[in-house]
Amino acid sequence: MTATAPRIDSVFDLDALLTEEEREWQQRARAIAQEQIAPIIEDDFENKHFRRELVKVLGDAGLLGMHLQGYGCAGAGAVAYGLVCLELEAADSGWRTFVSVQGSLAMSAIHKYGSEEQKQQWLPGMAAGDLIGCFALTEPQGGSDPAAMTTTARREGDEWVIDGAKRWIGLASLADVAVVWARVDDPSGAFGEGGAAVRGFLVPTSTAGFTATPIDGKLSMRASVQCDVDLDGVRVPADAILPGARGLSGPFGCLNEARYGIVWGAMGAARSCLESALERSTTREVFGKPIGANQLTQAKLADMFVEVEKGVLLALHLGRLKERGALTPAQISVGKLNSVREALEIAHQARSILAGDGITNAFPVMRHAANLESVRTYEGTDEIHQLVIGRALTGIAAF
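Because the structure is predicted, anything quoted here is derived from the model rather than measured. (Residues numbered from 1 in each chain as written. Predicted model: local features only at pLDDT ≥ 70, side-chain atom pairs only at ≥ 80, totals over all residues. Heavy atoms only, no water.)

A.B. asks: Account for the environment of Ala 178, naming residues and giving values.
C.D. replies: Secondary-structure assignment places Ala 178 in strand S4 (residues 177-186). Owing to a relative accessible area of 0%, Ala 178 belongs among the buried residues under this scheme. Beyond its immediate stretch of four places on either side in the chain, Ala 178 contacts Cys 134, Phe 201, Leu 202, Val 203, Thr 205 and Phe 210. (Helix = DSSP H or I, 4+ residues; strand = E, 2+ residues; numbered from the N terminus. Buried < 20%, exposed > 50% of the residue type's maximum accessible area, 1.4 Å probe, protein only. Contact = heavy atoms within 4.5 Å.)

This is how it looks when you write it as structure tokens:
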């Protein structure tokens, strides 16, 4: 938003609901987003370029795994983490996605379920931005049904051997370590599984048989990296398994962390679109007056503003619930479904105010709209979250 445009936060004072520490985290992230990401993001989106050097910037700022305790992590609160997600996604969904994959998925998996040795080995470097992690759960045949996982791990002596394929794995070609989820077949219970169970494994990406190939042809998330991953006889030592994760509750526990960040992040993209439309409405004149002087334009701006504020207030409520340990998966689904759905509608309305220029990269709106189509799909589609909410309402699972 330009300096001449009215500030949207002058209408609704959200800062009054935040602590000083939370505002400091928000300002830190906003500075990085506006000073280091925004000036280059249109070129990076156009050229399909991910800037590895910014990872260290985020690490130095304490933003990677910031909600985790110990091991070089900041131990910040849930609301502070959400505000950081909002500010980064206001610049681009790809960079909020990076923070989510690194911190809420890969680091959270190690922090929640790893051994002390695993935590010491990986988390400090990941928090600092020196190491990158990825989270290999989704498979080519479909992401909404992880129970149908076909990737397997079998025990051979003192090693696990992993075979299978994963798709849409963020950062996999850049990562130093992959959290790979695989089905372990142990009918005898010799290794403590007692049948088939989904388990997590820490796989250094330099391991023979691990191949990550960036997915080309994307029209969304072009400044980010998502990959196909092939696991062909990947051998890791027996202690590569995450001891605390058993069954699908393991990856789901991490997915809920990432979904929480999306509740906030999507509102950052929405705010950016609203700011662009608001600035344009006060500076572009048609029929001898600013387009913002027209009732239809003001109605659109008001509706967009109301949905941004409602979305952030919902995110804040969820954050406070999370901080006191009371946040449920159904509540996260409410937030993810609402935030992304409304952010997309706001992007579309903002584009209409920008008219023909709105389809160019002179404005961030079309880039946000394209990115939000990805955000709408990953970490649970609209339909999956509707079913989660429906189950909570009726007590009947319709999956």
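A.B. asks: Please set out the packing of helix H3 (residues 78-91) against helix H4 (residues 93-113) residue by residue, giving values where relevant.
C.D. replies: Relative to each other, H3 and H4 sit at 145°, their axes nearing to 6 Å. Counted together, Tyr 81, Cys 85, Leu 88 and Glu 89 of H3 and Ser 93, Trp 95, Arg 96, Val 99, Ser 100 and Ser 104 of H4 form the full contact between these two elements. Partitioned by chemical class, the residues of the contact of H3 with H4 number five nonpolar, three polar and two charged. (Axes fitted to C-alpha atoms, helices over the stretch in contact; angles between N-to-C directions. Nonpolar A, V, L, I, M, F, W, Y, C, P; charged D, E, K, R; others polar.)

A.B. asks: Give me a nonpolar patch on the surface: which residues, what numbers.
C.D. replies: A contiguous nonpolar surface patch, about 330 Å² in accessible area, is contributed by Val 11, Phe 12, Leu 17 and Leu 313. One can find Leu 17 in the segment before helix H1 (20-47). (Patch = residues over 30% accessible without salt bridge, like charges linked within 9 Å, V, L, I, M, F, W, Y side chains within 5 Å. Areas by Shrake-Rupley, 256 points an atom, 1.4 Å probe, with all protein chains shown as cover. Salt bridge = Lys/Arg side-chain N within 4 Å of Asp/Glu carboxyl O.)

A.B. asks: Tell me about the UniProt feature "domain: Acyl-CoA dehydrogenase/oxidase N-terminal" (unreviewed entry) in the chain, and please be specific about residues and values.
C.D. replies: As annotated by UniProt and renumbered to match this structure, "domain: Acyl-CoA dehydrogenase/oxidase N-terminal" (unreviewed entry) occupies residues 19-130. Counting secondary structure, residues 19-130 comes out at 75% helix and 0% strand; the distance between its end C-alpha atoms is 30 Å. (UniProt positions renumbered as here; feature names shortened; annotations may be inferred.)

A.B. asks: Explain the pattern of salt bridges residue by residue, including any values.
C.D. replies: In this structure the tally under the stated criterion is 24 salt bridges. The shortest N-O distance in the salt bridge between Glu 87 and Arg 30 comes to 2.9 Å. You can see Glu 87 sitting in helix H3 and its partner Arg 30 sitting in helix H1, a full 57 residues away along the chain. Each member of the pair, Glu 87 together with Arg 30, is buried.

A.B. asks: Residue-level account of empty space enclosed by the protein, with values.
C.D. replies: Across all of its chains, the model carries one cavity of 30 Å³ or more by this definition. Computed from the structure, the largest cavity encloses a volume of approximately 60 Å³. Lining of the largest cavity is provided by Leu 137, Thr 138, Glu 139, Gln 141, Gly 142, Gly 143, Asp 145, Pro 146, Ala 148 and Met 149. Class assignment of the residues belonging to the lining of the largest cavity gives a composition of four nonpolar, four polar and two charged. (1 Å grid on protein atoms, 1.4 Å probe; cavity = no way out; pocket = protein on both sides within 12 Å on 5 of 7 lines; lining within 4 Å. Points joined across faces, edges and corners; volume = space filled by probe spheres on them.)

A.B. asks: Quick rundown of H4? Include the residues and the values.
C.D. replies: Spacing of three or four residues puts side chains on the same side of an α-helix, whose turn is 3.6 residues. The sharpest bend along H4 comes to roughly 35°, located at Met 107. Counting buried residues along H4, 20 of its 21 residues qualify, which places the element largely inside the surrounding structure. (Bend = angle between axes of the 7 residues up to and from the residue.)

A.B. asks: Provide a residue-level description of the packing of aromatic side chains, including the pertinent values.
C.D. replies: All chains considered together, the criterion is met by five aromatic pairs. Centroid distance Phe 50 to Trp 95: 4.8 Å. Interplanar angle 20°. Geometry classified as stacked. Residue Phe 50 is found in the loop between H1 and helix H2 (53-60), and its partner Trp 95 is found in helix H4; the two are separated by 45 residues along the sequence. Trp 95 matches Phe 50 in its accessibility class, with the two residues each being buried. A cation over an aromatic ring shows up here: Arg 28 above the ring of Trp 25, its NZ or CZ 4.3 Å from the ring centre. In this structure, Lys 322 packs its charged tip against the face of Tyr 260, placed 5.6 Å from the ring centre. (Phe/Tyr/Trp six-rings, centres within 6.5 Å; stacked < 30°, edge-to-face > 60°. Lys NZ or Arg CZ within 6 Å of the ring centre and 35° of its normal.)

A.B. asks: I'd like a rundown of the nonpolar core, residues and numbers included.
C.D. replies: Core analysis: the biggest nonpolar cluster contains 119 residues, and Phe 98, Ile 162, Trp 181 and Trp 264 have the highest contact counts within it. Here this core takes 15 residues from helix H6 (residues 249-283), the largest share from any one element. The residues touching Phe 98, leaving out its near neighbours within four places in the chain, are Phe 50, Val 55, Leu 58, Leu 64, Ile 132 and Leu 171. (Core = buried A, V, L, I, M, F, W, Y, C linked by side-chain atoms within 4.5 Å.)

A.B. asks: How would you sum up the side chain of Glu 139? Please name residues and give values.
C.D. replies: Positionally, Glu 139 belongs in the loop between strand S1 (133-136) and strand S2 (152-156). Residue classification places Glu 139 among the buried positions, given a relative accessible area of 4%. Here Thr 150 takes part through its backbone nitrogen, which lies 2.8 Å from a polar atom of the side chain of Glu 139. A distance of 2.6 Å separates the side chain of Glu 139 from the side chain of Thr 151, its partner in a polar contact. (Polar contact = N/O pair within 3.5 Å; in protein donor to acceptor, adjacent residues only side chain to side chain.)

A.B. asks: Go over the environment of Glu 24, please, and point to the residues and values.
C.D. replies: Note that Glu 24 resides in helix H1. Note on Glu 24: relative accessible area 44%, which makes it partly exposed. Glu 24 sits 60 residues away from Val 84 along the chain, and the two C-alpha atoms are 9.9 Å apart.

A.B. asks: Would you mind going over the pairing of strand S7 (residues 226-237) in detail, with residue names and values included?
C.D. replies: Note: strand S3 (residues 159-170) against S7, nine bridges, orientation antiparallel. Along S7, the bridge assignment pairs Trp 160 with Val 236. Judged from the five bridges that link them, strand S6 (residues 210-214) and S7 form a sheet pairing that is antiparallel. Residue pairing across strands places Pro 214 opposite Cys 227, the latter belonging to S7. (Pairing = 2+ DSSP bridges.)

A.B. asks: Which residues make up unusual backbone geometry, and what values go with them?
C.D. replies: Phi at Trp 168 is positive, roughly 60°, even though this residue is not glycine. Tracing the backbone through its elements, the reader meets Trp 168 in strand S3. With a phi close to 55°, Glu 379 is a non-glycine residue in the positive phi region. For Glu 379, the location among the structural elements is in the loop between helix H9 (365-377) and helix H10 (382-394).

A.B. asks: A description of the packing of H3 against H6 should follow, citing residues and the corresponding values.
C.D. replies: In contact at an axis separation of 7 Å, H3 and H6 are set at 40° when each is read in the N-to-C sense. What the angle tells us is that H3 and H6 run oblique. By crossing handedness, the relation of H3 to H6 is classed as right-handed. Residues Ala 78, Val 79, Tyr 81, Gly 82, Leu 83, Cys 85, Leu 86, Glu 87, Glu 89 and Ala 90 of H3 pack against Tyr 260, Gly 261, Trp 264, Gly 265, Ala 266, Met 267, Gly 268, Ala 269, Arg 271 and Ser 272 of H6. (Parallel < 35°, antiparallel > 145°, perpendicular 65-115°, else oblique. Left-handed = near helix turned anticlockwise from the far one by under 90°.)

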